[in-house]
Every structure is written in structure tokens, then in C-alpha cells.
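Below, each chain spelled out in residue letters.
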Amino acid sequence: MGPMSYRICFVCTGNICRSPMAEVVMRRLVLDAELAGAVEVDSAGTGSWHVGDGADHRALTTLADAGYDGSRHRARVFDRRWFAERDLVVALDRGHLRELHALAADDERGKVVLLRSFADGTGGSGLGADLDVADPYYGGRDDFLAVLEQVETACRGLLARLARDGVVAPARP
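First, a word on what this report is: a plain description of the structure on this page. Keep in mind it's a predicted model, so treat the numbers as computed, not measured. (Residues numbered from 1 in each chain as written. Predicted model: local features only at pLDDT ≥ 70, side-chain atom pairs only at ≥ 80, totals over all residues. Heavy atoms only, no water.)

**Some points on the environment of Glu34**
Logical step 1: Mapping Glu34 onto the fold places it in the loop between α1 (18-32) and β2 (39-45).
Logical step 2: For Glu34, a relative accessible area of 56% corresponds to the exposed category.
Logical step 3: Considering only alpha carbons, one finds Glu34 and Asp130, 96 residues apart in sequence, at a separation of 32 Å. (Helix = DSSP H or I, 4+ residues; strand = E, 2+ residues; numbered from the N terminus. Buried < 20%, exposed > 50% of the residue type's maximum accessible area, 1.4 Å probe, protein only.)

Set out below in C-alpha cells:
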């Protein structure tokens, strides 16, 4: 990762559905905004049972149907040492948030946020209590489509927040 880049890691359970989708979507938004050198994106899981696997085929299909390419993804597990290397660690649901907070030192907990907290474009809690991106693993196509919609909305809000906070140049329209 570049020394001047703002580094973001998306985290879900197995790193085969939600967090790879968020990584791919955010990477595209960063590229489209011509911020590839300014923002770096990756993802990981809280559990290790899928390490080395590609993303779930349904996640890949959902991404591909929307014009994204997630084919190079390989699952990995979040390492607590990464807190020092990341500026923001984005949990996909409150369970991941709790696990990440448990791994983090006191001064690192502020780096951990819920993805959907950015869905209203402010990084606030405009969605009320429903900030989780539901796990689509045991669901069907509609569940993966819902995840993609939530991820796209929240990632656009996250990029807008970074621009508003002066972390990156404002995204292009």
C-alpha cells in the first residue's frame, strides 16, 4: 500500500460475499473518481474457513451482471496488526463490529465503523437501527442483489464523506 494512500478494509464473516462485494464496488468508485493513488481498498473476514477461496459464485454473478469484476478476489482473515496499516476498517454488520472492537486496542477502535452508516451520505445514523448488511450466503439471487444495492449506496456515501472531510479530492460527478 502506498505511504500517502487512505487505506480501507471491508470486513464480513468469511470474506466471500459481502466484504468482497464492497471491496470491488469501492475500488470501482475510487477508479472512476480518479483517486486510485489516493485511496486503497481491500477486504477480509473474521473467520478463516474460506481463506484462499474465491468469492462466492453468486456474489461474482451479481457483481458481473452489474458490470463489476470480482474474479481476482481471494478470501483472507483479518489480522489485528492491520489496524496499524489501515485508516478505516469497515464492518458489514454489528457482529463484525463487535469482533473487530474486541481485536482492536483502545486507540484503534475509532477506525472501526459500520458500512451502512455512510448510506445517508453523512456517515451518521440516518438509517436508524438497521445498519447491518444482511448475510446473503443462505439466500438467493434477491438477497445478493439487495446486498449490492446497499453496498453501492453506502460506498458512494463513504467516498462523499472522505471528500467532504478533505481526505481525498471531491469525487467527479
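**Re helix α2 (residues 57-65)**
Logical step 1: Taken together, the buried positions of α2 are Ala59, Thr62 and Leu63. The buried residues of α2 occupy one face: seen down the axis, they fall within an arc of 95 degrees. Turned more than 90 degrees away from the buried face of α2 sit His57 and Asp65, all of them exposed.
Logical step 2: If you follow the buried residues of α2, they end up packed against α1 and α4 (141-164).
Logical step 3: Two or three places before Arg58, at the opening of α2, Asp56 has a side-chain oxygen 2.7 Å from that residue's backbone nitrogen.
Logical step 4: Positive backbone phi, at 90 degrees, marks Gly67, one or two positions downstream of α2. (Arc of directions from axis to C-beta. Contact = heavy atoms within 4.5 Å. Polar contact = N/O pair within 3.5 Å; in protein donor to acceptor, adjacent residues only side chain to side chain.)

**Focus: the state of the cysteines**
Logical step 1: Counted under the stated rule, the structure contains zero disulfides.
Logical step 2: A disulfide-free cysteine, Cys17 has its sulfur positioned 6.7 Å from the sulfur of Cys12, the nearest such atom.
Logical step 3: Residue classification places Cys17 among the buried positions, given a relative accessible area of 4%.
Logical step 4: As a non-bridged cysteine, Cys155 has Cys9 as the owner of its nearest cysteine sulfur, 12 Å distant.
Logical step 5: Judged by relative accessible area, Cys155 falls into the buried class, the value being 0%. (Disulfide = S-S within 2.5 Å.)

Keep in mind these numbers describe shape, not what the thing actually does.
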